[in-house]
Amino acid sequence: MLAIVSSAVVEGVFGRPVSVEVHVSNGLPGFTVVGLPDASCREARDRVRAALLSSGLEWPTRRVTVNLAPSGIRKHGAGLDLPIALALLVASGQLPPETILKLGAAGELGLDGSIRPVPGLVSIADATAGEELIVPARGAVEAAVVRPDAVRGASHLREVFDWLDGQGLRPSFAVASDEGELVRPTADLADVRGQPLARYALELAAAGGHHLLMVGPPGGGKTMLANRLAGLLPALDADDALVCTRVHSVCGLKMAEGGLVRIPPFRAPHHGISEVGMIGGGSPVIRPGEVSASHAGVLFLDEMGEFPLKILDSLRQPVEDGVIRITRASGSVLLPARFQLVGAMNPCPCGLGGGDDGLCRCSDASIDRYVRRLSAPLLDRFDLRIDVAPPDASLLLAGPPEESSDVVRERVAEARQRSRDRGYRSNADLPAHALDDVAPLEPEAEQLLERALKKGELTGRGLRRIRTVARTIVDLDDGGSTISVSAVARALAMRSKPLQSLRGAA
Amino acid sequence: MTPQQLDENAVALIRLLGLPGMGPVRLRWITSSCSAEEVVDELLRGRLPKVSSNPPRAMGQDVTQQWIEAVGDQSAYAAIEALDAQSVEVVTPQSSLWPFANDPEPPALLFCRGDTSLLTRRPSVAIVGTRRCTSLGRRVATSMAEVLAKAGVVVVSGLALGIDGAAHSGAFDAAAGQHVPALGVVATGLDVVYPKRHKALWNDVGERGLLVSEAPLGVDPSRWRFPARNRIIAGLADLVVVVESHVKGGALSTADEAIDRGVPVLVVPGSVLSPASSGTNALLMDGALPVRSGHDILELLGLTYAEEPAGAIEANTARQLSPVAREVVAELAAGSVTVDELAGATNRSVQEMLALVQTLALDDVVVIDGSRVRLP
């Protein structure tokens, strides 16, 4: 007898529908899985068998064939355990066939019959056909984000069996919620004493979505500042929240309480990261990397000079396009990767360079190597580049309390709203052709830019980026329609040429 | 270009100079009793010529054996034949351009590329210093050379990383034309760029200034050649300025050579806490004369400069500055500060201060240097 249950597997960050077909026939007892299963799928046999037996159900001593259709794509993961078990129960006559007609399922089975969550439940739920979806109770809330009136969470195979058999209660709907308190990161901007310039740059980065580079000796508070950027960003909008929830689910990251990820993610990979870890990849399953995990949030690279050149340069394309396409022999997937890049680095390997005190022990050659990590094209992507000096010691001990993240976030939200009102996600996304329209320069501001151009301090591309930053500056100030000379001057000052003083005389 | 006429003696000298481990001291020793041609002949016969004096220190049998093996080598001829192709001119002691008339340890020959008239042009000032310099030292060297080159003073230096390179790039900043009074003394053959990173500067000096070496073409860098090169720098300069030097540094050997030749040594004073100034400060303690800028040197040389004195410029710009800007300039008088500190000191918002500083920087009233702001 044949039984079919819908399910899905993850590919990239999206689900791919899979139909689990189980056929039980007379013949020598055996269990075969066909349809490109990988090892974890093939092992389903042992898990399903133990789970059935522990749940007081019967394992058919007949010939069992499991087909995972479409058979052209490779199936991986243990999420197909539950649909296989349910289809097997029907095919072996333990459940009536009509019970599974409109049923989808996903979940890993434990030997005791418990149903365990699998990564990517959001995408799996999205792709699975069926009017009712049985998923692990522990991942039900996230799955409910995409299928609000279909998802039912169950924690044991017997529970599902009893319900389908008409003896037990129907598992309840899982409810995703996008309300309730947002759990913000605990690091608050009020902890950062002094550093008004760097704080301002951080606020601009938050308000305009600009990439930010901070250069300075250790102890300047670069890492502390960067860690607080995510806390300044407004909550994600519906689209971004959904994509982030998917990515978080696939990457197996900690999910939000209500199921929907509403806080912009903050990722800070160590510089030992591999290229695959950074941009995604892997074989046979293509997994999202850090650039995708930080989609719609912040990707912070601390000690940027220590990252291998190859990894830094691999960031150029996603920074530009907001997505990344990974192509392997097994196929090609498109992953979301629209992140805000924040870099922090020392001016030289020993970290003391740039000062006039001559304490730096680095040779010109080693400084050169260090500085070269930051290729000109990548450096160009940073709209805001600031040098961060250690703050005044007296401020650290007895300075006045600083503004908290909540206060700054309100200003940021206001500025972001101004940008959205003009029809753009953030000022960093402003296209060149829109600049004259949304960021018209006051005559004085134009003269200032002209002077900067003549002095050779600015390129054409730099000029455009200056105008977008100036737009953000005005949005934060008062939201005026024109760009003032003061805003342009500040934007220019925020585009310093870091490390220049260290790039030897030649 | 017509091939230059080299006499027998010069050819023999070039062949000797190209031998492994042949430095000025050993060359002087081996040619002390007979001419260079005779030495070459003897070596070709597989023996050392008779020399009345004792060989210099650390001169063993192995060295002479190497010479005998290498003397017949074709590369010596190649180095001579390539001279014209590399546009290298050989200046001998017989030349009217020979600058080492009274030198205690003159080179045997000088390989030159560029404007050889710079050899005898006076005045000339050597600007030397450590390779591991601070950004301040680099700045001092650049601006000093710029002022000197503008006044037509020949800037002599060693083309090393750090201060040396900074000095010559300053000289090129000053003069845009074809002829720049920049004289580079290097320790390798003129076709062996060392350090590689200074290739552009090396070519510039050879084309628009003058590049000299006592090593024939094709000679690679060796440790001992650099102190030897320093004595030529000292021999070509009327004054030697040490901008920055550690307690042990090549720049100090240039200073020693200068003192041996009676060439005054000038020193740029540095912080007593800066390791990069420890050597120069020690020179000051020993009685070297301090200098602060190129103008100080011009004054010592008895030259005047056409530029407006600094005070007048300040007065000019000060008139156009807003009251806040004047406050900023006053704050900066004591040294560089960060924008944050400026905002605090003048009681302005950091936003306002940022805009102001950038505007002033475009007007060249202040310079933004990393996180710090300073007067130019």
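Residues numbered from 1 in each chain as written. Chains lettered and ligands numbered in written order. Predicted model: local features only at pLDDT ≥ 70, side-chain atom pairs only at ≥ 80, totals over all residues. Heavy atoms only, no water.

Quick word on the overall build of chain B
Under the convention used in this document: A run of H or I in DSSP counts as a helix once it spans at least four residues, and a run of E counts as a strand once it spans at least two, with each numbered from the N terminus. Burial classes follow relative accessibility: with a 1.4 Å probe on protein chains only, a residue under 20% of its type's maximum area counts as buried, one over 50% as exposed, and anything between as partly exposed. The criterion used for residue contact is that any of the two residues' heavy atoms lie within 4.5 Å. Using a 1.4 Å probe, the Shrake-Rupley method yields the accessible areas, and only the shown protein chains count as cover for residues.
A tally of regular secondary structure across chain B gives 16 helices and 12 strands. Of all 376 residues assigned to chain B, the portion counted as buried reaches 51%. A separation of at least 24 residues holds for 70% of the contacts in chain B among residues at least 6 apart in sequence. For chain B, the accessible surface area stands at approximately 17000 Å², while carbon and sulfur atoms represent 52% of it.

Details of the pairing of strand β4 (residues 154-157) of chain B
Remember that side chains alternate between the two faces of the sheet whenever the strand is regular. All names here are of chain B. Rule in force here: DSSP bridges decide pairing: two strands pair if at least two such bridges lie between them. A clockwise path from the first strand over the helix to the second, with the strands pointing away from the viewer, defines a right-handed crossover.
The alternating pattern of β4 places Val154 and Val156 and Val155 and Ser157 on opposite faces, both of which are buried. Examined bridge by bridge, strand β3 (residues 124-128) and β4 share 3 bridges and lie parallel to one another. Note that in β4 the partner of serine 124 across the bridge is valine 154. Note on the crossover from β3 through helix α6 (residues 135-150) to β4: the handedness is right-handed. Relative to strand β5 (residues 182-185), β4 is paired through 3 bridges, and the arrangement is parallel. Residue valine 156 lies in a different strand from β5, and its bridge partner there is leucine 183. Between the parallel elements β4 and β5, the chain passes through helix α7 (residues 163-174) in a crossover that is right-handed.

Quick word on the domain arrangement of chain A
When the parts of a complex come together, some accessible area is lost, and that lost area is often used as the size of the interface. All names here are of chain A. Counted only if it meets this: Throughout the structure description, domain borders are defined by an automatic or database domain assignment. Accessible area that two parts lose when put together, evaluated with a 1.4 Å probe and summed over both, is termed the buried area.
The domain boundaries assigned to chain A delineate domain 1 (2-164) and domain 2 (189-500). Taken together, the contacts link 17 residues of domain 1 with 19 residues of domain 2. For the pair domain 1 and domain 2, the summed buried area comes to about 1300 Å², and 71% of that belongs to carbon and sulfur atoms. By the criterion of area lost to domain 2, the three top residues of domain 1 are Gly12, Val13 and Val145, representing 36% of everything that side buries.

Concerning the domain arrangement of chain B
Each assigned domain of chain B is listed with its residue range as follows: domain 1 (8-82), domain 2 (110-301) and domain 3 (310-374). On a C-alpha basis, the centroid separation for the pair domain 2 of chain B and domain 3 of chain B is 33 Å.

Re the pattern of salt bridges
Residue and element names in this part refer to chain A. Condition: Salt bridges are counted wherever a side-chain nitrogen of Lys or Arg sits within 4 Å of a carboxyl oxygen of Asp or Glu.
Tallied over the full model, the rule gives 39 salt bridges over all chains. Linking glutamate 320 and arginine 381 is a salt bridge whose minimum nitrogen-to-oxygen distance equals 3.1 Å. You can see glutamate 320 sitting in helix α13 (residues 316-321) and its partner arginine 381 sitting in helix α15 (residues 376-381), a full 61 residues away along the chain. Here the salt bridges share partners, and the residues they tie into one network are Asp380, Arg385, Arg461 and Arg495.

Thoughts on the pairing of β5 of chain B
Every second residue of β5 of chain B is oriented toward a common face, with Ala182 and Gly184 of chain B on one face and Leu183 and Val185 of chain B on the other, all of them buried. Handedness of the crossover joining β5 of chain B and strand β6 (residues 210-213) of chain B through helix α8 (residues 199-208) of chain B: right-handed.

Things to note about the interface of chain A and chain B
To be explicit about the condition: Any N or O atom pair separated by 3.5 Å or less is treated as a polar contact, with the protein-specific requirement of one donor-capable and one acceptor-capable atom, and with residues adjacent in sequence counted only for side-chain atom pairs. For this scheme, ten residues count as nonpolar: Ala, Val, Leu, Ile, Met, Phe, Trp, Tyr, Cys and Pro. Four count as charged, namely Asp, Glu, Lys and Arg, and the remainder, Gly too, count as polar.
Opposite the 30 residues of chain A that make contact, chain B presents 31 residues. Buried area between chain A and chain B, summed over both chains or domains, comes out near 2600 Å², and the portion from carbon and sulfur atoms is 60%. At the junction of chain A with chain B, the criterion picks out 1 salt bridge. Notably, a salt bridge pairs arginine 451 of chain A with aspartate 363 of chain B, separated by 2.7 Å at the nearest N-O pair. Counting across the interface, chain A meets chain B through 3 residue pairs in polar contact (both at pLDDT 80 or more). The biggest single contributor to the side of chain A that touches chain B is helix α21 (residues 485-493) of chain A, with 5 residues. Partitioned by chemical class, the residues of the side of chain A that touches chain B number 14 nonpolar, 7 polar and 9 charged.

A short note on helix α16 (residues 350-362) of chain B
All names here are of chain B. Going by this rule: To estimate the expected span of a helix, subtract one from its residue number and multiply by 1.5 Å.
In this model α16 runs 18 Å from its N-terminal to its C-terminal C-alpha over 13 residues, within 8% of the 18 Å that 1.5 Å per residue would give. Most of α16 is tucked away: 10 of the 13 residues are buried. Of all the positions in α16, only Val350, Met353, Leu354, Ala355, Leu356, Val357, Gln358, Leu360, Ala361 and Leu362 are classed as buried. After α16 finishes, the residue aspartate 364 shows a positive phi value of roughly 65°.

Description of unusual backbone geometry
In the segment running from alanine 69 of chain A into proline 70 of chain A, the intervening peptide bond is cis, with an omega of 0°. Tracing the backbone through its elements, the reader meets proline 70 of chain A in the loop between β4 (63-69) and α3 (81-91). A positive phi angle, near 65°, is found at alanine 296 of chain A, a position not held by glycine. Assignment of secondary structure puts alanine 296 of chain A in the loop between α11 (290-293) and β12 (298-301). A relative accessible area of 14% places alanine 296 of chain A in the buried class. Here leucine 159 of chain B, not a glycine, exhibits a phi torsion of approximately 65°, which is positive. In this fold, leucine 159 of chain B is placed in the loop between β4 and α7. Note on leucine 159 of chain B: relative accessible area 1%, which makes it buried.

Some thoughts on the packing of aromatic side chains
All names here are of chain B. Where we set the bar: Within 6.5 Å between ring centres, the rings of Phe, Tyr and Trp (the latter by its six-membered ring) count as paired, and their orientation is classed by plane angle as stacked under 30 degrees, edge-to-face over 60, tilted in between.
The final tally for this structure, using the stated rule, is 4 aromatic pairs over all chains. Ring centres of tryptophan 98 and phenylalanine 100 lie 5.2 Å apart, and the angle between their planes is 70°; on these two criteria the pair is classed as edge-to-face. Across this residue pair, the class does not change: tryptophan 98 and phenylalanine 100 are buried. Note on tyrosine 194 and phenylalanine 226: the rings are 5.7 Å apart at their centroids and 55° apart in plane angle, and the pair reads as tilted. You can see tyrosine 194 sitting in the loop between β5 and α8 and its partner phenylalanine 226 sitting in helix α9 (residues 225-236), a full 32 residues away along the chain. Overall, tyrosine 194 belongs to the partly exposed group, its relative accessible area being 39%.

Considering the sheet that holds strand β15 (residues 340-345) of chain A
All names here are of chain A. For clarity, the cut-off: For helices, the axis comes from a line fit to the C-alpha atoms of the stretch in contact; other axes are also lines fit to C-alpha atoms, and the angle between any two N-to-C directions lies between 0 and 180 degrees.
One open sheet holds the 5 strands; their spatial order is β11-β12-β15-β10-β16, and the pairing between them is parallel. Each edge of the sheet is formed by a strand with only one pairing partner; in this case those strands are β11 (266-267) and β16 (384-387). One ladder, built from 4 bridges, connects strand β10 (residues 212-215) with β16; its direction is parallel. Note on β16: the bridge partner recorded for leucine 213 is arginine 385. Against the sheet, helix α7 (residues 196-208) touches β10, β15 and β16, its axis set at about 165° to β16.

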